[in-house]
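Chains, contacts and geometry: an overview
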Amino acid sequence: MSTEEKSAAPRSLAEALRVRDDVSLAALLRSRPDLITPVPTDLTQLATRAGTRASVVRALERLDRFALQTAEALAVAPDPASYGELLGLMAGDEEDPAVAAALPRAAALLREQALVWGADDRLRLVRTARELLAPSPQHPSPTGLGPTVREATAGMSPGRIQEILAAVGLPSTHDSVSAVSALGALFADRRRMAALLAGLPAESREVLDRLVWGPPYGQVTHDPAAHLRALLDRGLLLPTAPGTVVLPREVALHLRAGRAHRAPEPVPPPVEAAATHRPQVVDATAAGQALAALATVDELLKEWDEGGPSVLRAGGLSVRDLKRTAVALDVPEPVAAFWVELAYGAGLIASDGEADERYAATPAYDEWRELPPAERWARLAGTWLTATRTPGVVGGRDAKDRTLSALGPNLDRSAAPEVRHRVLALLAGLPEGASPVAESVLARLRWERPLRGPQQQRETGTGAARDDDLRSRIARWTLSEAELLGVTGRGALAAPGRALIGAPEASRPATADDTVEPEGPGDKLPVHHHRTPSVTAPPTPAERAAATATAARLLAPLFPEPLDHVLLQADLTAVAPGPLEQELADVLGVLADVESKGGATVYRFTPGSVRRALDAGRSAADLHAFLARHSRTPVPQPLTYLIDDVARRHGRLRVGAASAYVRCDDDATLDEILADKRAAGLGLRRLAPTVLAAQADPAALLEGLRAIGFAPAAESAAGDVLIARADSHRTPPRAAPEPVPDGPPAPDDTLLTAAIRAVRAGDLASTTPRKPGPAGEGGGEDGTPGGTLPRTGAAETLATMQAAVLTGEALWIGYVNAEGAASQRVIAPIRVEGGFVTAYDHTADEVRTYPLHRVTGVAELADDAG
């Protein structure tokens, strides 16, 4: 590198960021949105924030396996390291071609993420990242390497170090520093090291082989055996504590042929296809599942129409209520939890907020039911894709060992939307109609996000992922939930599901090779123009709405036309050979009970179901006309008799509020009730020949009389029959729960543009050279105390401003706003009058007016300032 190139090389992360173009800065801020929350004042503050522990941990957690391995290699490399040294640590002495081909992309990604900076010959890992990834006795490195010779001999006596030099055939030195350097150089020399190891006994080599891939620490007695003594005498094992020895990093790298990792993973594992089906079969199967999903959600909401289960004091459903819901829907409890959470996430159910708080349908449910079936499905699918509430964790335990309940708190998992979207994108990358091998999907996700970052990898010791990590569990749930919802059919992604995640880009395989990679060593990591992987911006709400609309449009032709008829049978059943029109389904759902579901739905008419229809305000004549109008078969005589019989007895008894009362024109019926022992618990007594009073409330009295075979009707205070409609109970308007993001949301292009402009303008204000102050006091180069705002008197400030208006020069000012926040700005004054200065503000890139009394001081810029 020439002298001019050396002087141009960045000396800090802030300088490295300063030479980036706006596209590169936008990629950094898009991938690490915490860096602009709030927007930093200049690039120095941006660099400082990029080096904080929380931000670095978050960035490391989002690296793929090979990029993280590259960062781990840099953490055990010299600081700074050249690209050649990094390549040697990753590809080894034999220079694995796959690793060598993938390394430029990984290194460019680390540089884009501001985790690495510097020229090719002086690559530096951000200090915080080095502290997190470098090996230490408390936190072993995923590489399995131990400390360097210099670190391991830090507390060793000079005499002992000289003894080791003599044992390996090196001349003695006058100081420990040079002795340690000579020993490290020997261990790093492949030829001399091979000769040294050749003179060791086989047992000594076996000890080194056991330690070479980590952990590098071992235990020895106070009187070690001869083969261990040979290693200790030569410094191939160095003591770190009484009874503990460590394999120096240089020795381990020689034994590993220079590789920092036992198994580098430069290429993501492929997603394998388990089976391939015709796309038409996949779409038809998914459409059938989508119809079943709509029917299940509708059935759930009808079950809770008149007030659902009570809300627990801590929030959520009780275990008993979840079991009852599962029985009502005829599904396992985990699946019931999924449907309940899906309806809640879509804003279709909520708590009613009353004193006796219960779950019930919301007004949005009625609006949802009015939509076409495909649009109803798209709303559910869109909610599922973006929701952070994760029903799969229901039944587990939270941090305080409390059971996690459906609809309760603490179900949000911020990684869920990203994992769901990524799983579907991987399915979209398979050939059309192909279903994946589930384990290959999990392996790919673990490569893309190895566990939860370096801290969790240290717990495993090697960086290998556990099968029970959260992302893997969410991925498994995604595969099953997508099938339940009809996003997939027979395990393969259907056309509506493909549209749901974003259209064409997601339909081709996404690989690590989708980025522009440098060609040769000299072009691997250009300092001033980074060719880095692009960072995809998250979809905007408008894009998500367009995607769900497209999915609905693709699904609509796959749904069968709703039927306007059923087939009545003599055994008091009705068969719906397909989905019914909404009005027909609503009435039939009140008049009959669902007996079985599937390709055809079977309804059964019972005295209770007919009474339910009469309670809803239908007359016997209405029911006969309805069945005759919608049946393709003659109305069976038993069904006609059933309706007439129930209607004849319906409403003869009237129940009202006293606590409650029963009245009937036929006093013989009341005599029969009083004589029935089963009515004893109702506390009935006769008030008049046609009226009975009860101690039970009206609802309990209704249920009690119906249980012993009567068909009473409720009446109002005016004596009219009360009509019980299915939609009688609704919550007040409720907003659907908002997803809980993992950290700050990704910025959109407008915010990025404004943030970059503000940061660059602030950087201009903080780095522009200034003329020395008139007093010439010490401090900064401008005569002001280093890093402080300029300070001048009011008269001098006014005079300097007026002069700048005439000359057109830019000035550096300090300014304190109304909230007391101080900032520095570069302005070009245009007009000074009435105690205000109007100027072009380079920091904000616009014309602004400032009160002069809020300007702390002013300084002229140096003549050579750009």
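Residues numbered from 1 in each chain as written. Predicted model: local features only at pLDDT ≥ 70, side-chain atom pairs only at ≥ 80, totals over all residues. Heavy atoms only, no water.

What follows concerns the overall build of the protein. Counting its secondary structure elements, the protein contains 35 helices and 25 strands. Counting all 866 residues of the protein, 48% fall into the buried class. In the form shown here, the protein has an accessible surface area of approximately 40,400 Å², with 54% of it arising from carbon and sulfur atoms. (Helix = DSSP H or I, 4+ residues; strand = E, 2+ residues; numbered from the N terminus. Buried < 20%, exposed > 50% of the residue type's maximum accessible area, 1.4 Å probe, protein only. Areas by Shrake-Rupley, 256 points an atom, 1.4 Å probe, with all protein chains shown as cover.)

The subject of this paragraph is the pattern of salt bridges. Summed over all chains, the structure comprises 38 salt bridges. Between Asp189 and Arg192 there is a salt bridge whose closest N-O contact spans 3.5 Å. Under the relative-accessibility criterion, Asp189 is labelled partly exposed at 25%. Classification of Arg192 by relative accessible area gives partly exposed; the value is 30%. Salt-bridge contacts for Arg612 lead to Asp593; the nearest nitrogen and oxygen are separated by 2.9 Å. (Salt bridge = Lys/Arg side-chain N within 4 Å of Asp/Glu carboxyl O.)

This paragraph deals with the sheet that holds strand E4 (residues 238–241). The strand order across the open sheet formed by three strands is E3-E5-E4, and the pairing between neighbours is antiparallel. On the outer flanks of this sheet lie strand E3 (217–219) and E4, each paired with one strand and no other. Averaged over neighbouring strand pairs, the angle between their axes works out to 40° when direction is ignored. Pairing of E3 with strand E5 (residues 244–246) involves three bridges; the strand directions are antiparallel. Note that in E5 the partner of Tyr217 across the bridge is Val246. (Pairing = 2+ DSSP bridges. Axes fitted to C-alpha atoms, helices over the stretch in contact; angles between N-to-C directions.)

Let's shift gears to helix H29 (residues 607–615). Among the residues making up H29, those that are buried are Ser609, Val610, Ala613, Leu614 and Asp615. Looking at the buried side of H29, the elements it contacts are helix H28 (582–591), strand E14 (593–596), strand E15 (601–604), helix H30 (620–630), helix H31 (637–649) and helix H33 (698–707). Backbone geometry just downstream of H29 places Gly617 in the positive-phi region, at approximately 105°. (Contact = heavy atoms within 4.5 Å.)

Counting buried positions over the six residues of strand E21 (residues 811–816) gives five, a clear majority of the element. One ladder, built from six bridges, connects E21 with strand E22 (residues 822–833); its direction is antiparallel. Note on E22: the bridge partner recorded for Gly814 is Gln824. Joining the antiparallel neighbours E21 and E22 is a turn of five residues, in which Gly820 adopts a positive phi near 90°.

Summarising the element assignment, Pro158 is placed in helix H11 (residues 158–167). The exposure class of Pro158 is partly exposed, given its relative accessible area of 49%. Separated by 16 residues in sequence, Pro158 and His174 have C-alpha atoms that sit 9.6 Å apart.

When two helices pack together, their arrangement is given by the angle between the helix axes and by the axis-to-axis distance. Two numbers describe how helix H21 (residues 373–386) lies on helix H22 (residues 416–428): the axes approach to 7 Å, and their chain directions differ by 115°. If you check the angle between H21 and H22, you find them roughly perpendicular. Residues Trp384, Leu385 and Thr386 of H21 form the contact with H22, whose participating residues are Pro417, Arg420, His421 and Leu424. Within the contact of H21 with H22, the residues separate by chemical class into four nonpolar, two polar and one charged. (Parallel < 35°, antiparallel > 145°, perpendicular 65-115°, else oblique. Nonpolar A, V, L, I, M, F, W, Y, C, P; charged D, E, K, R; others polar.)

With respect to topology, five strands assemble into an open sheet ordered E24-E23-E22-E21-E25, the strand pairing being antiparallel. Every interior strand has two partners, whereas the edge strands, strand E24 (846–851) and strand E25 (855–860), have only one. Strand-to-strand twist of the sheet, defined as the mean angle between neighbouring strand axes without regard to direction, takes the value 45°. One ladder, built from six bridges, connects strand E23 (residues 836–841) with E24; its direction is antiparallel. Paired with Ala839 across the strands is Arg848, a residue of E24. Contacting E21, E22, E23 and E25, helix H35 (residues 794–807) crosses the sheet at an angle of about 60° to E22.

Looking now at helix H3 (residues 22–31). Most of H3 sits inside the fold, with eight of its ten residues counted as buried. Taken together, the buried positions of H3 are Ser24, Leu25, Ala26, Ala27, Leu28, Leu29, Arg30 and Ser31.

Bringing the environment of Val331 into the picture now. The residue Val331 is located in the loop between helix H18 (319–329) and helix H19 (333–345) in this model. In this structure Val331 touches Ala326 and Ala336, once residues within four positions along its chain are discounted.

Where H29 meets H31, the axes come as close as 9 Å, and the angle between the chain directions of the two elements is 60°. Taken together, the axes of H29 and H31 are oblique relative to one another. Of the two possible hands of crossing, H29 and H31 adopt the one that is right-handed. Here H29 contributes Pro607, Val610, Arg611 and Leu614 to the contact with H31, which in turn contributes Leu642, Ile643, Val646 and Ala647. Among the residues forming the contact of H29 with H31, the class breakdown is seven nonpolar, no polar and one charged. (Left-handed = near helix turned anticlockwise from the far one by under 90°.)

Turning our attention to the side chain of His650. On the secondary structure map, His650 appears in the loop between H31 and strand E16 (654–656). Exposure remark for His650: the relative accessible area of 17% places this residue in the buried category. A distance of 2.6 Å separates the side chain of His650 from the side chain of Asp615, its partner in a polar contact. (Polar contact = N/O pair within 3.5 Å; in protein donor to acceptor, adjacent residues only side chain to side chain.)

Counting residues in hydrophobic clusters, the biggest one holds 92 residues, and the most contacted among them are Phe187, Leu236 and Leu237. The biggest single contributor to this core is helix H6 (residues 65–75), with seven residues. Ignoring sequence-local partners within four residues, the contact set of Leu236 consists of Phe187, Met193, Leu196, Leu197, Leu200, Leu208, Leu231, Val246, Leu247, Pro248 and Val251. If you look at the next biggest cluster of nonpolar residues, it comprises 70 residues, including Ala336, Leu342, Leu411 and Phe559. (Core = buried A, V, L, I, M, F, W, Y, C linked by side-chain atoms within 4.5 Å.)

Another point: the confidence of the model for the protein. Note: predicted coordinates in regions of low pLDDT should not be interpreted at a detailed level. Taken as a whole, the protein shows an average pLDDT of 84; of its residues, 88% reach a score of 70 or greater. In the model, residues 453–467 has pLDDT below 50 throughout and makes 39 contacts with residues more than four positions away in sequence or in other chains. (pLDDT = per-residue confidence, 0-100.)

Turning next to the pairing of strand E19 (residues 691–694). In this sheet, E19 lies alongside strand E17 (residues 660–663) in antiparallel orientation, the contact comprising four bridges. Looking at E19, one finds that Val662 is bridged to Leu692. Sheet analysis places strand E18 (residues 685–688) next to E19, joined by three bridges and oriented antiparallel. Along E19, the bridge assignment pairs Ala688 with Val691. Connecting E18 to the antiparallel partner E19 that follows it, the hairpin turn spans two residues.

Another aspect to go through is unusual backbone geometry. Residue Thr37 is joined to Pro38 through a cis peptide bond whose omega torsion reads 0°. The omega angle of the peptide bond from Gly214 to Pro215 is -5°, so this bond is cis rather than trans. Along the chain, Pro215 turns up in the loop between helix H14 (202–211) and E3. The phi dihedral of Arg490 is positive, around 55°, even though this residue is not glycine. Positionally, Arg490 belongs in the loop between strand E10 (488–489) and strand E11 (492–493). Relative accessible area serves as the criterion here: at 46%, Arg490 is assigned to the partly exposed category.

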